[in-house]
Amino acid sequence: MIKAMAGPRPVVLSGPSGAGKSTLAKKLLEEYKGIFGFSVSHTTRNPRSGEENGKDYHYVTREVMQDSIDKGEFIESAVFSGNMYGTSKASVQAVKDKNLICILDIDMQGVRAVKTTDLNPIYVYIQPPSLTILEKRLRDRKTESEESLQKRLEAAQVDMEICKEPGIFDIIIVNDDLDNAYAKLKQALIEEIEKVQKINSS
Ligand SMILES: Nc1nc2c(ncn2[C@@H]2O[C@H](COP(=O)(O)OP(=O)(O)O)[C@@H](O)[C@H]2O)c(=O)[nH]1
Ligand SMILES: Nc1ncnc2c1ncn2[C@@H]1O[C@H](COP(=O)(O)OP(=O)(O)O)[C@@H](O)[C@H]1O
């Protein structure tokens, strides 16, 4: 019996808001064009300046999002800091169709939900050096209101405890120096990267 060839394993990036997940994901997508693809989530939060609909997120209303969830169009969805977020089946499929390594930037609820699926990703936790540094980075990013910032810091404290549970994450990367953290991330994904590079060159 001929088995369909399994595509590359996806990569889940999780960790507190402000830990550096999007920064690291962007570096991978930039350095490895044609190797990685981003799973564009849906969200009900407002776009930040510089964010693009369909690229960073699909920005939708609660009604539209709930309707899609009810129709079974999502792999997982969660409420984070008062907004809905979710990974649609179509978003992951679009990346898989191109034989790219799918990057999912999702919160801890998403991680738990993905664990019940057959996605079989590599689970990476991005850890800030400390809560104090996380707060500074979030403030310097200038994207959050004080209320939103406080909610994110509260969620961060919970996350940073949960991530210690054995078996949830394959690797925990402390994002102190960015270049260092990025090197560790690449190292963790090298097998999958080389798999795709081989397929592409054959
Ligand atoms: N479960 C789940 N979480 C998501 C999804 N998309 C984004 N998130 C998470 O939602 C949280 C907030 O994301 P965002 O509003 O972009 O803020 P940021 O992480 O501070 O840039 C982060 O922890 C993301 O990882 C998704 O599709 N599903
Ligand atoms: N290693 C680092 N050192 C200093 N600042 C960083 C580092 N990594 C990320 N940042 C900055 O911290 C902020 C949060 O990073 P971001 O990638 O938006 O986090 P996340 O996607 O996890 O919420 C951004 O302004 C980013 O430029």
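In this text, all values refer to a predicted model and were calculated from it rather than measured experimentally.

Asker: Explain the pairing of strand E6 (residues 83–88) here, please?
Answerer: Within E6, 6 of the 6 residues are buried, which leaves it mostly tucked inside the rest of the structure. Across the two faces of E6 the burial is the same, with Asn83, Tyr85 and Thr87 and Met84, Gly86 and Ser88 all buried. The pairing of strand E3 (residues 41–43) with E6 spans 2 bridges and is antiparallel. Among the inter-strand pairings, threonine 43 is bridged to a residue of E6, identified as tyrosine 85. Pairing analysis gives 6 bridges linking strand E5 (residues 74–80) to E6, with the strands arranged antiparallel. By the bridge assignment for E6, phenylalanine 80 is matched with asparagine 83. The turn linking E5 back onto E6 is made up of 2 residues, and serine 81 within it adopts a positive phi angle of 50°.

Asker: Is there a simple way to explain the pattern of salt bridges in this structure?
Answerer: Close approach of charged atoms lets side chains of opposite charge pair. Counted under the stated rule, the structure contains 16 salt bridges. The closest approach of N and O atoms between glutamate 161 and lysine 164, which form a salt bridge, is 3.1 Å. In the salt-bridge network here, residues are joined through shared partners; they are Arg45, Arg48, Glu51, Arg141, Glu144 and Arg152.

Asker: Help me understand the sheet that holds strand E2 (residues 36–38), please; the structure alone is not making it clear to me.
Answerer: Overall, parallel pairing links the 5 strands, which are arranged E2-E7-E1-E8-E9 in an open sheet. Two strands in the sheet have a free side with no partner beyond their single neighbour: E2 and strand E9 (171–174). Pairwise comparison of adjacent strand axes, ignoring direction, gives a mean angle of 25° for this sheet. Here E2 runs beside strand E7 (residues 101–105); their pairing, made up of 3 bridges, is parallel. What sits directly across from phenylalanine 38, in E7, is isoleucine 103. Sitting on the sheet, helix H1 (residues 21–31) touches strand E1 (11–14), E2, E7 and strand E8 (122–127), and the angle it makes with E7 is about 165°.

The rules behind these values
- Residues numbered from 1 in each chain as written.
- Chains lettered and ligands numbered in written order.
- Predicted model: local features only at pLDDT ≥ 70, side-chain atom pairs only at ≥ 80, totals over all residues.
- Heavy atoms only, no water.
- Buried < 20%, exposed > 50% of the residue type's maximum accessible area, 1.4 Å probe, protein only.
- Helix = DSSP H or I, 4+ residues; strand = E, 2+ residues; numbered from the N terminus.
- Pairing = 2+ DSSP bridges.
- Salt bridge = Lys/Arg side-chain N within 4 Å of Asp/Glu carboxyl O.
- Axes fitted to C-alpha atoms, helices over the stretch in contact; angles between N-to-C directions.
- Contact = heavy atoms within 4.5 Å.

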